Amino acid sequence: MPEWLVIGIEITYALVIASVALAVILGNRSVPKTLTWVLILIFLPIIGLLLYLFLGQDNRKIKLIGKRALKRIVDNPIPSNAKIDKEHYPEKYSTVINLMASLSPQASLFGNNSVQFECSGKEFILSLLKDISSAKSIIHIQFYIFLDDSIGTFIKDILIDKAKEGVKIKLLYDSVGCWNVKRNFFAQMQNAGIEVESYLPVRHPQIARRVNYRNHRKLIVIDGHTGYVGGMNIADRYIRGLKWGIWRDTNIRIEGDGVYGLEMSFLTDWYFAMQGKTGKAAKFPLIAPTRTTGNVKIQIATTGPVGQWREIMQGYLHLFSQCKEYLYLETPYFIPTESVRHVICNVALSGCDVRLIIPERCDTRFVHAVSQSYIQEFLDAGVKVYSYKPGFLHSKLIVMDNDFTSIGSTNIDCRSFENNFEIGAFMYDANIAEQAKKIFLEDQSHSERLYTHHWKKRSRRRKFKESLLRLLSPLL
């Protein structure tokens, strides 16, 4: 190869790397994330460029749904008595409720709800099958993972039977989460009259932009009055567990006005996934007037990688800063952003009882190693950290001060807060908080508490690996 051509290739390559680095800097992201990308591009230019194409592009300015389509959803009438007026907000959390409502159109505060916890895949599936069997008009289902294993196939067959009865069914799944599912699995449902769509399908050349931004939401709406939300997907492992232990997760079943929030979230995602395939306006199924409901106050919060704000993370920051007594958290992946890390440590340093449960073993070794690197700082701040031993703890449960509970799909990690589309139920109710606290303490009883003097005895090799991988935490 002529020398002049080699020099030309080198100059072109250097300009490409410099241009990408400049784009990262001008993106005005967080300083840690910007520095991480720049360092990767400088020291690992080829790998860094590939990683940036797949994982690094900033989608904050991309509009996932047009204003007209969103207007069709937002303008649909919700009965005035379903929303709670501002003057009746719980005084302690009025600013948080206002914050979430201003950030998300479906995050109105809804009353008249009853909530049932489901702490195992068996509980969830049995309850879901019962509700699906009794469905009369609509079933809307959205999962990150819907596998074609025995559980997934069984639910598929039940849905097909309901479609034959005339129930209108929409199924939305994430393209990456269901990457290994055979096409025929979803085709069978489509052939039976079920509307099936994938979210942000990964096809060349869109793969570079889309693979990093996944829809991690898990929700179900049945006949407009019953809904499910939480951490569980549709797969055998949620019932049978893993080879090395049980799969411990948390979902909630909602009856009442809060289902409007779930339905709005679903329809918003559905309109985007349809990509203009239909012009029909979305309609909210009315809550059955004869259905008995409770008095739990619920907000359905969503978040995503587009737009200026990171809604659920900002809600947590505001909530945690108001903690007066205790803050209990459990999460499978613990890679907090700088702001979340600081506020949790500050709550503990202020004298509140802060407890964190994470799994002893994880389904992702790389992420688990990064999570381990944060533990020492939290122990030093006075956070009581526990390691769940019976299996994989996949629950995303937060309970605070005997009157606030959060259940949803959001992990306490950078990916959930900044890159994924997530959903969660914010519940302002003492009875629900009491139930959530009992669930947390039951998990704690199956966990081993980590102490500073033991944690510091980890091998140097392990500490080095954790610290090295932590450098990539802003990208996870």
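Since the model is a prediction, treat every value here as computed from it, not as a measurement.

(A) Summary view of the overall build of the protein chain. Counting its secondary structure elements, the protein chain contains 19 helices and 19 strands. In the protein chain, of all internal contacts separated by at least 6 residues, the share reaching a separation of at least 24 is 83%. When the accessible area of the protein chain is evaluated, it comes to approximately 21500 Å², of which 56% is carbon and sulfur surface.

(B) Spotlight on the packing of helix H5 (residues 94-103) against helix H12 (residues 311-321). Direction vectors running N to C along H5 and H12 enclose 170°, while the axes themselves pass 10 Å from each other. Relative to H12, the element H5 is oriented roughly antiparallel. In this structure, H5 contributes Thr95, Val96, Leu99, Met100 and Leu103 to the contact, and H12 contributes Glu311, Ile312, Gln314, Gly315, His318 and Leu319. In the contact of H5 with H12, the residues fall into six nonpolar, four polar and one charged.

(C) Up close: the packing of helix H14 (residues 365-372) against helix H19 (residues 460-470). Between H14 and H19, the least distance of the axes is 8 Å, while the angle of their chain directions is 100°. Relative to H19, the element H14 is oriented roughly perpendicular. Facing H14, whose interface residues are Phe366, Ala369, Val370 and Gln372, H19 presents Arg462, Lys465, Glu466, Leu469 and Arg470. For the contact of H14 with H19, the residue count by class is four nonpolar, one polar and four charged.

(D) Highlighting the nonpolar core. The biggest cluster of nonpolar side chains holds 88 residues, and the ones touching the most others in it are Phe186 and Phe320. Not counting chain neighbours up to four residues away, the residues in contact with Phe320 comprise Leu327, Leu329, Val343, Ile344, Val347, Ile398 and Met400. Counting 41 residues, the second largest nonpolar core, distinct from the first, contains Phe266, Val296, Tyr326 and Met427.

(E) Focus on empty space enclosed by the protein. Tallied over the entire structure, the rule returns one cavity of 30 Å³ or more. Residue composition of the lining of the largest cavity, by class: four nonpolar, three polar and two charged.

(F) Broad picture of unusual backbone geometry. Although it is not a glycine, Asn112 sits at a positive phi angle of roughly 55°. Along the chain, the position of Asn112 falls in strand S1 (residues 110-118). Note on Asn112: relative accessible area 36%, which makes it partly exposed. The phi dihedral of Asn402 is positive, around 65°, even though this residue is not glycine. Looking at the element boundaries, Asn402 is found in the loop between strand S15 (397-400) and strand S16 (404-408). Here Asn402 falls in the partly exposed class, since its relative accessible area comes to 30%.

(G) Structural view of the environment of Gln116. Position of Gln116 among the secondary structure elements: in strand S1. As a C-alpha pair, Gln116 and Gln435 span 319 residues in sequence and 9.6 Å in three-dimensional space. Leaving out residues up to four positions away in the same chain, Gln116 has contacts with Ser127, Asn251, Ile252 and Arg253.

(H) Up close: the state of the cysteines. All chains considered together, the criterion is met by zero disulfides. Take Cys323: it sits in no disulfide, and the sulfur closest to it among the cysteines is that of Cys352, at 3.8 Å.

(I) Structural detail: the packing of aromatic side chains. Applying the stated criterion across every chain yields a total of 25 aromatic pairs. Seen from their ring centres, Tyr199 and Phe272 are 5.3 Å apart, and the 55° between their planes marks the pair as tilted. Taken together, the residues span a long stretch of sequence, with Tyr199 in strand S4 (residues 195-199) and Phe272 in helix H11 (residues 259-274) at a distance of 73 residues. The residues Tyr199 and Phe272 share a single accessibility class, namely buried. Ring centres of Phe404 and Phe426 lie 5.5 Å apart, and the angle between their planes is 85°; this geometry places the pair in the edge-to-face category.

(J) Local environment of the pairing of S4. Buried residues dominate S4, accounting for four of its five residues. In the sheet, strand S3 (residues 168-174) pairs with S4 via five bridges, with the strands oriented parallel. Within S4, the residue paired with Asp174 across the bridge is Tyr199. In this fold, S3 hands off to helix H8 (residues 183-191), which returns the chain to S4; that crossover is right-handed.

(K) Highlighting the pattern of salt bridges. Here the structure, examined in full by the defined rule, presents 21 salt bridges. Between Arg355 and Asp353 there is a salt bridge, with the nearest N and O atoms lying 2.9 Å from each other. Assigned by exposure class, Arg355 and Asp353 land together as buried. What you see here is one network of salt bridges that share partners, running through Lys92, Asp401 and Asp403.

(L) Structural detail: a positive patch on the surface. Together, Arg361, Arg365, Arg461 and Lys465 line one region of the surface with positive charge. Residue position: Lys465 is located in helix H19. Taking relative accessible area as the criterion, Lys465 reaches 47% and is therefore assigned partly exposed.

The rules behind these values
Residues numbered from 1 in each chain as written. Predicted model: local features only at pLDDT ≥ 70, side-chain atom pairs only at ≥ 80, totals over all residues. Heavy atoms only, no water. Helix = DSSP H or I, 4+ residues; strand = E, 2+ residues; numbered from the N terminus. Contact = heavy atoms within 4.5 Å. Areas by Shrake-Rupley, 256 points an atom, 1.4 Å probe, with all protein chains shown as cover. Axes fitted to C-alpha atoms, helices over the stretch in contact; angles between N-to-C directions. Parallel < 35°, antiparallel > 145°, perpendicular 65-115°, else oblique. Nonpolar A, V, L, I, M, F, W, Y, C, P; charged D, E, K, R; others polar. Core = buried A, V, L, I, M, F, W, Y, C linked by side-chain atoms within 4.5 Å. Buried < 20%, exposed > 50% of the residue type's maximum accessible area, 1.4 Å probe, protein only. 1 Å grid on protein atoms, 1.4 Å probe; cavity = no way out; pocket = protein on both sides within 12 Å on 5 of 7 lines; lining within 4 Å. Points joined across faces, edges and corners; volume = space filled by probe spheres on them. Disulfide = S-S within 2.5 Å. Phe/Tyr/Trp six-rings, centres within 6.5 Å; stacked < 30°, edge-to-face > 60°. Pairing = 2+ DSSP bridges. Right-handed = clockwise from strand over helix to strand, strands pointing away. Salt bridge = Lys/Arg side-chain N within 4 Å of Asp/Glu carboxyl O. Patch = residues over 30% accessible without salt bridge, like charges linked within 9 Å, V, L, I, M, F, W, Y side chains within 5 Å. Lys, Arg positive; Asp, Glu negative; His and termini not counted. Charge placed at Lys NZ, Arg CZ, Asp CG, Glu CD.

No statement about biological role is implied by the geometric values presented.
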